[in-house]
Amino acid sequence: MSLAPLQVLAEQAGVPQFALPEQLSRLYGGGLGFDGPRVFANFVETIDGVVAMPEIERSNAIVSDENEADRFVMGLLRAVADAVVVGSGTLLAAPKGTWRADKVFPAAADAFALLRKQLGTSEHPAVAIVTAGGSFDPTHPVLETGAIVLTTERAAPDLRASVPNATEVVAVNDGDWVDPAGAVAALRERGHALILSEGGPTLFTSFVAAGLVDELFLTVSPLLAGRSGVPRLSLADGAELLPEVRVAGDLLSIRRHGNHLFLRYELSTTSRRA
């Protein structure tokens, strides 16, 4: 395998770790794990804080500078997850997406499968799509293999009529938007304790603002994206947090691969509203 192992620059003592297969442990530079049910998110951003360029195809790969180590970490996080959550915008942006570990980093496919067997989980994580019905693609191939659509009571009937039988449509709540806490509760009711958010920044921010995201895995790419009037999204896009909502990260670990940094934060959210 051509990928050099990630270099551990710092890591807090006592960070939970699963017993990873040797190949994964060597490449990651140690173990990776979680203590109890967790919602964790994974993003890559440029030095100037851009995570997505909606007007450009494959913007995620461009932001990461096509970094192989970033793809490995993405695969590793998928391999430990019970469910991967995306939004309908992410579904549209990845028309062939599977959100499987072996597809994003095939070189470790056997090790990912062994890890899931050791953890006693299903062959692949469940894929959950959060949508209020707009911009949803009912023909996406991931729905053919079975997914979970988390939506509103208003949108649920039309979605049930349009998706394949293998996909479950769950009416989370009434109203115009899917309640983040209700979405997580629906997944937990289905036995998914470790939930990985791979949705866009708007979905991520709605989860953060609701105090639902326990950890953030952030890859910092050594690129500058720049802005000049075109939509380029930051990590926390779609809601105002400060000064009313304080989201703070406790830095659990720092890894390096070349000029890319891999940061792991534990998040805490507090509100200053009276």
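Residues numbered from 1 in each chain as written. Predicted model: local features only at pLDDT ≥ 70, side-chain atom pairs only at ≥ 80, totals over all residues. Heavy atoms only, no water.

Undergrad: Mind showing me how you'd approach the overall build of the chain here?
TA: Along its length, the chain carries ten helices and twelve strands. For 274 residues, the compact-globule estimate of 2.2 N^0.38 gives 19 Å, and the chain sits close to it at 18 Å. Seen along its three principal axes, the alpha-carbon backbone of the chain occupies a region of about 50 × 45 × 40 Å. Residues classed as buried in the chain amount to 48% of the 274 residues present. Within the chain, counting contacts between residues at least 6 apart in sequence, those at least 24 apart form 68% of the total. Accessible surface computed for the chain: about 12600 Å², of which carbon and sulfur atoms make up 52%. (Helix = DSSP H or I, 4+ residues; strand = E, 2+ residues; numbered from the N terminus. Rg over C-alpha atoms; globule rule 2.2 N^0.38 Å. Buried < 20%, exposed > 50% of the residue type's maximum accessible area, 1.4 Å probe, protein only. Contact = heavy atoms within 4.5 Å. Areas by Shrake-Rupley, 256 points an atom, 1.4 Å probe, with all protein chains shown as cover.)

Undergrad: Is there a simple way to explain the packing of helix α3 (residues 68-80) against helix α6 (residues 109-119) in this structure?
TA: Each packed pair of helices is defined by two parameters, the angle between the axes and the distance between the axes. Orientation of α3 relative to α6, taken along the N-to-C sense of each, is 25°, at an axis distance of 9 Å. Relative to α6, α3 is oriented roughly parallel. Of the two possible hands of crossing, α3 and α6 adopt the one that is right-handed. Two secondary-structure elements touch here, α3 through F72, G75, L76, R78, A79 and V80 and α6 through F112, L115, R116 and L119. (Axes fitted to C-alpha atoms, helices over the stretch in contact; angles between N-to-C directions. Parallel < 35°, antiparallel > 145°, perpendicular 65-115°, else oblique. Left-handed = near helix turned anticlockwise from the far one by under 90°.)

Undergrad: I would appreciate a short explanation of the nonpolar core in the present structure.
TA: Nonpolar side chains in soluble globular proteins generally cluster together in the buried interior. Among the nonpolar cores identified, the biggest contains 45 residues, and L24, F40, F72, L76 and F112 are the most heavily contacted of them. In terms of residue count, the dominant contributor to this core is α3 (eight residues). Excluding its chain neighbours within four sequence positions, the residues that come into contact with L24 are F72, L76, A108, A111, F112 and L115. With 31 residues, the next largest nonpolar core counts A52, V85, L187 and V208 among its residues. (Core = buried A, V, L, I, M, F, W, Y, C linked by side-chain atoms within 4.5 Å.)

Undergrad: Would you take a moment to explain the side chain of R38 for this structure?
TA: Turning to its location among the elements, R38 is positioned in strand β2 (residues 38-45). The class of R38 is buried, set by a relative accessible area of 13%.

Undergrad: Is there a simple way to think about α3 in this case?
TA: Three or four residues apart is the spacing at which side chains of an α-helix point the same way, because the helix has 3.6 residues per turn. For α3, spanning 13 residues, the distance from its first C-alpha to its last is 19 Å, which sits close to the expected 18 Å at 1.5 Å a residue. Here α3 has its buried residues at A69, D70, F72, V73, M74, G75, L76, L77, R78, A79 and V80. (Expected span 1.5 Å × (residues − 1).)

Undergrad: Hey, could you run me through the sheet that holds strand β7 (residues 168-173) in this one?
TA: The strands making up a sheet associate through hydrogen bonds between their backbones, and the pairing can be parallel or antiparallel. Spatially, the ten strands line up as an open sheet ordered β1-β11-β12-β9-β2-β8-β4-β5-β6-β7, and their pairing is mixed. Bordering the open sheet on either side are β1 (7-11) and β7, each of which pairs with just one other strand. Each adjacent strand pair in this sheet contributes to an overall mean axis angle of 25°, direction not counted. Taken together, the four bridges between β2 and strand β8 (residues 194-197) define a ladder with parallel strand orientation. Along β8, the bridge assignment pairs V39 with I195. On top of the sheet, helix α9 (residues 180-189) reaches β2, β4 (83-87), β5 (126-130), β6 (148-152), β7 and β8; it is set at about 145° to β6, its chief contact. Across the sheet, helix α10 (residues 201-209) is in contact with β2, β4, β5, β9 (215-220), β11 (245-257) and β12 (260-271); its angle to β2 comes to roughly 140°. (Pairing = 2+ DSSP bridges.)

In short, shape yes, function no, at least from these values alone.
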